[in-house]
Amino acid sequence: LLNLFLLSGGDRAQAGERTKIGLVEDVILLTWGIRLPARIDTGAAHSSLDARELTIKDNVAEFKLPAKYGGQQLRLPIIKWQTIRSAESKERRPVVEIELCVGPKHLRSRVNLNDRSKVKYPLIIGRDILRENFVVDCMESKCAPPSCPEVFSK
């Protein structure tokens, strides 16, 4: 019976469909309605958001988004701390939960916070988000514009 349900296009089979995305996609931070470009990075294990003027107080992260994307002050509870290794260093970063719209998918995901002012994209989407949701076409960019119903209902 389970096989028939999955083969007949039941909700669970549809929920598992992967969306094709390119190397760069526009993403909307749903809680705030902020649109920004994201680098899709299959080499990155974890997703990372640009956090300027980051301060931590009582297990809450306060930071600003880059001025180019509105410079909004955000305040989010820290879910955990994560050690991130890069080519240059190894550091502990706070991890928060955010709601994203990537293509047609509304995702609640964890991202680590880091000052990304020296790189081009304010958001890196890593394998932690990509694994079950997307197929990356390395020859494309911006092939899945944000289309979550929540975006258009505001």
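Residues numbered from 1 in each chain as written. Predicted model: local features only at pLDDT ≥ 70, side-chain atom pairs only at ≥ 80, totals over all residues. Heavy atoms only, no water.

Asker: In this structure, what is going on with unusual backbone geometry? I would like to understand it.
Answerer: A negative phi angle characterises most non-glycine residues, just as the trans form characterises most peptide bonds. Of note, E53 is a non-glycine position whose phi angle comes to about 55 degrees, a positive value. Take E53: it is sitting in strand β5 (residues 52-57). Residues other than glycine seldom take positive phi values, yet N59 does so here, at roughly 60 degrees. Here N59 lies in the loop between β5 and β6 (60-64). (Helix = DSSP H or I, 4+ residues; strand = E, 2+ residues; numbered from the N terminus.)

Asker: When you look at the pairing of β5 in this model, what are you seeing that I'm missing?
Answerer: Along any regular strand the residues' side chains alternate between the sheet's two faces. Here four bridges tie β5 to β6, and the two strands are oriented antiparallel to one another. Note that in β6 the partner of T55 across the bridge is E62. The hairpin turn running from β5 into β6, its antiparallel successor, is two residues long, and D58 in that turn takes a positive phi close to 55 degrees. (Pairing = 2+ DSSP bridges.)

Asker: Before we go on, may I ask you to explain the environment of D41 in this structure?
Answerer: Structurally, the position occupied by D41 is in the loop between β3 (34-40) and β4 (48-50). Distance from D41 to I125, taken between C-alpha atoms, is 5.9 Å for residues 84 residues apart in sequence. Only 2.9 Å separates the side chain of D41 from the backbone nitrogen of G43, close enough to count as a polar contact. (Polar contact = N/O pair within 3.5 Å; in protein donor to acceptor, adjacent residues only side chain to side chain.)

Asker: I keep staring at the pairing of strand β2 (residues 24-29) and nothing clicks. Help me out?
Answerer: Extensive coverage of β2 is indicated by the burial of six of its six residues. The two faces of β2 match: V24, D26 and I28 on one face and E25, V27 and L29 on the other face are all buried. Pairing of β2 with β3, which is carried by six bridges, proceeds in the antiparallel orientation. When the sheet's bridge partners are listed, E25 is paired in β3 with A38. What sits between β2 and β3 in their antiparallel hairpin is a turn of four residues, with G33 showing a positive phi close to 70 degrees. As paired elements, β2 and strand β9 (residues 90-102) share three bridges and run antiparallel to each other. Directly across from I28, in β9, lies its bridge partner C101. (Buried < 20%, exposed > 50% of the residue type's maximum accessible area, 1.4 Å probe, protein only.)

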